[in-house]
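Inside the fold
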Amino acid sequence: MKVLIIGAGGREHAIVWKILQSKNVEKVYCAPGNAGISKIACLAGRQATCVDIKADDIFALKQFVIREKIDFTIVGPEVPLVRGIVNEFQKDNLKIFGPTKEAAILEGSKVFTKEFLKRHNIPTANFKAFDNYIQAVDYLKSKNFPQVIKVDGLAAGKGVVVASSLKEAEDFLNLIFNNKIFGESGSQVIIEDCLEGEEASILVISDGKNFIPLASSQDHKRIFDKDEGPNTGGMGAYSPAPVVTDELFKQILEKIVRPTIDGMQKENRKFSGILYVGVMLTKEGPKVLEYNVRFGDPETQAILPRLNTDLLEVMQASSDGNLQKFGKEFSWDARHCLCVVAVSGGYPGKFEKGKEITGLDRIKEIDAAVFHAGTKLDLSGKIVTDGGRVLSVCSLGETLKIAQEKAYTSIKKIKFEDMHYRTDIGWRALGKIYN
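Residues numbered from 1 in each chain as written. Predicted model: local features only at pLDDT ≥ 70, side-chain atom pairs only at ≥ 80, totals over all residues. Heavy atoms only, no water.

1. Focus: the packing of helix H8 (residues 133-140) against helix H9 (residues 166-178)
Two elements in contact, H8 and H9, have axes separated by 10 Å at closest approach and are oriented at 165°. What the angle tells us is that H8 and H9 run roughly antiparallel. Considering the relative orientation of H8 and H9, their crossing is right-handed. Every residue of H9 that contacts H8 at Tyr133, Ala136, Val137 and Leu140 is listed here: Leu166, Ala169, Glu170, Leu173, Asn174, Phe177 and Asn178. Taken together, the residues of the contact of H8 with H9 break down into eight nonpolar, two polar and one charged. (Axes fitted to C-alpha atoms, helices over the stretch in contact; angles between N-to-C directions. Helix = DSSP H or I, 4+ residues; strand = E, 2+ residues; numbered from the N terminus. Parallel < 35°, antiparallel > 145°, perpendicular 65-115°, else oblique. Left-handed = near helix turned anticlockwise from the far one by under 90°. Contact = heavy atoms within 4.5 Å. Nonpolar A, V, L, I, M, F, W, Y, C, P; charged D, E, K, R; others polar.)

Here it is in C-alpha cells:
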C-alpha cells in the first residue's frame, strides 16, 4: 500500500523509519519531509520520497492523495489537525490517522482543555482564564509565585512561562496582550498554580472508545543542563521512564486517560489517533499538565525504536475503530532508548540557517539512529541546517546508562557551526549529571 506522512521534523522522520518496516508498505511519501528523510536508507526494498507540499496546505495534500491514489495518510504535526485536515479527508472517504478538528481542540485550546478537565474531574492544577492584561495582573497580585502562564492557542511550545515573580509575569502578559507576539493564539491565557514533582509523557493510541498505551517516556524541555534556561520544543528524551512505576502507570490510565477518552465521546468529540498526556507526578498523585493530539517530539524518537509491533497496522485499526483486535498491549524491545537533540546556536531565540552538517557518515546504525528535523539539501547536495532543532541522535542500550553513553559518543561525531545540545539527558533517572 501507499502511505503519506505529513510533517518535516524528527518525529516524522522516526515515523517514516518505522512505517518502512511494515510488511504492508509498498511506497512511502513524506510532505514536506527533510534531508534525512530524503536520504533515508532503503528498508526492505522500499524508500521514502519527499514531496514539496507544506504540512498545513490541506487542499494541496488532499489533491496529492487523490492523484497518487494514496491508501493511508498519517498526520505528524498539530497545526493541520487543529485546522481540520481529518474532517476534510473524511469528506471524500480518504483513510487518515488522527483526530478530527472537534477532538483536536484538546491541543488547540488550553482554555477548553482546562475546563474539560474540571468538568470530568480529571486531576490538574488550579487555574483561571483571562482575556485582558489588567485583569490577569490584578489576579496575580493575590497569588504566590511561581505561577504558570500559558497562551490559549498553538505556539510551537513557546507560549508558556513559569513566572517566578510578578514582574516576570507582567512582562510576559505585556508581550501577549499588548505586543501580541502570539497573535490570535494569545487572545486568552491560562494562569495556573505551578505543580511540583517530576514530569512524564504518556501516549496512547485510541479509536474513540478503546485505547492501547505506548511505553512511558520523559522529555527535557529546558535549553540548558540541570533544566535551566527557557523552554524549548524538547532537547531530548528517554524511554521507559523509571519514575512511572507499574502502579503509577495503571493509575494514570484509570484516572486520566480513560476519563479523557470517555469524556470526549460524551461531548460528541470522539477522539481517534494519538493522545499525548503530559503528566506531573505530584505528592497528591499524577495531574495533567497538557494534552497533545499527536506524537510528541522528541518522545517519538525515544519510543518508536523500542516498538516491535507493526505501527501501520495499529494506526489503521485506530482509524477504522477496531483497536480491540490488537488486545491491550504492544510488543516492546526490553532495552532502553535515549535521544539527544542538537539545535542551532541561539535557539529557542533567533538562529542562523544554512550551516553545513558533517560527521553523519561516521555514525553506525548499530550504535545510533539519526532522525533529522531542521535540515535540507543545498544546491550542491550538502546537508545543511534549516531550523532550530536540527536533528536527534537516539541509541538503544541494555541499561539507560549504556544507551546514554552510546548516544553521546555518536553525537560528538556530528559537527555544524554553533551546534548546541544538552549533556545531561537522562540525569533524573540516573541520579547524576552526565559528563
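2. Some thoughts on the sheet that holds strand S8 (residues 160-163)
The strand order across the open sheet built from four strands is S6-S9-S7-S8, with neighbouring strands paired in antiparallel fashion. Because the sheet does not close on itself, it has two edges, and the strands there are strand S6 (127-130) and S8. Pairs of neighbouring strands in the sheet enclose a mean axial angle of 20°, with direction left out of account. With four bridges joining them, strand S7 (residues 147-151) and S8 adopt antiparallel strand pairing. Note that in S8 the partner of Lys150 across the bridge is Val160. (Pairing = 2+ DSSP bridges.)

3. Topic: the environment of Trp332
Here Trp332 lies in the loop between helix H12 (311-320) and strand S18 (336-343). Through-space distance from the C-alpha of Trp332 to that of Ile303 is 9.4 Å; in sequence the pair is 29 residues apart. Once residues within four sequence positions are removed from consideration, Trp332 is found in contact with Leu214, Ala215, Ile303, Arg306, Leu307 and Asn308.

4. Here's the deal with the pattern of salt bridges
Under the definition given, this model contains 27 salt bridges. Note that Lys23 is salt-bridged to Glu313, the shortest N-O span being 2.6 Å. Residue Lys23 is located in the loop between helix H1 (10-19) and strand S2 (27-32), and its partner Glu313 is located in helix H12; the two are separated by 290 residues in the primary sequence. For Arg422, the salt bridge goes to Asp424, with nearest N and O atoms at 2.8 Å. Accessibility expressed as a relative area gives 0% for Arg422, which makes it buried. On the basis of relative accessibility, which here comes to 0%, the residue Asp424 falls in the buried class. Connected via shared salt-bridge partners are Lys62, Glu88, Lys91 and Asp92. (Salt bridge = Lys/Arg side-chain N within 4 Å of Asp/Glu carboxyl O. Buried < 20%, exposed > 50% of the residue type's maximum accessible area, 1.4 Å probe, protein only.)

5. Some points on H8
Think of an α-helix as turning once every 3.6 residues; residues three or four places apart then point the same way. The set of residues buried in H8 consists of Ala136, Val137, Tyr139 and Leu140. Buried residues of H8, viewed axially, fall in a sector of 160°; they line one side. Where H8 is buried, its residues touch S6, S7, H9 and strand S9 (189-193). The opening residue of H8, the one whose side-chain oxygen lies 3.2 Å from the backbone nitrogen of Ile134, is Asn132. (Arc of directions from axis to C-beta. Polar contact = N/O pair within 3.5 Å; in protein donor to acceptor, adjacent residues only side chain to side chain.)

6. Here's the deal with the state of the cysteines
The final tally for this structure, using the stated rule, is zero disulfides. You can see Cys337 has no disulfide; the closest cysteine sulfur is in Cys394, sitting 5.3 Å from it. Residue class for Cys337 comes out buried when judged on its relative accessible area of 0%. (Disulfide = S-S within 2.5 Å.)

7. So, the packing of helix H6 (residues 101-108) against helix H7 (residues 110-119)
Two elements in contact, H6 and H7, have axes whose closest approach is 6 Å; the angle formed by their N-to-C orientations is 95°. The pairing of H6 with H7 is recorded here as roughly perpendicular in orientation. Across from Ile105, Leu106 and Gly108 in H6, the residues of H7 making contact are Lys110, Phe112, Thr113 and Phe116. By residue class, the composition of the contact of H6 with H7 is four nonpolar, two polar and one charged.

8. Some points on the environment of Lys221
Topologically, Lys221 is positioned in the loop between strand S12 (218-219) and strand S13 (222-224). For Lys221, a relative accessible area of 26% corresponds to the partly exposed category. Contact partners of Lys221, with chain neighbours within four places excluded, come to Pro230, Asn231, Thr232, Gly233 and Met235.

This is a description of form; function is not addressed.
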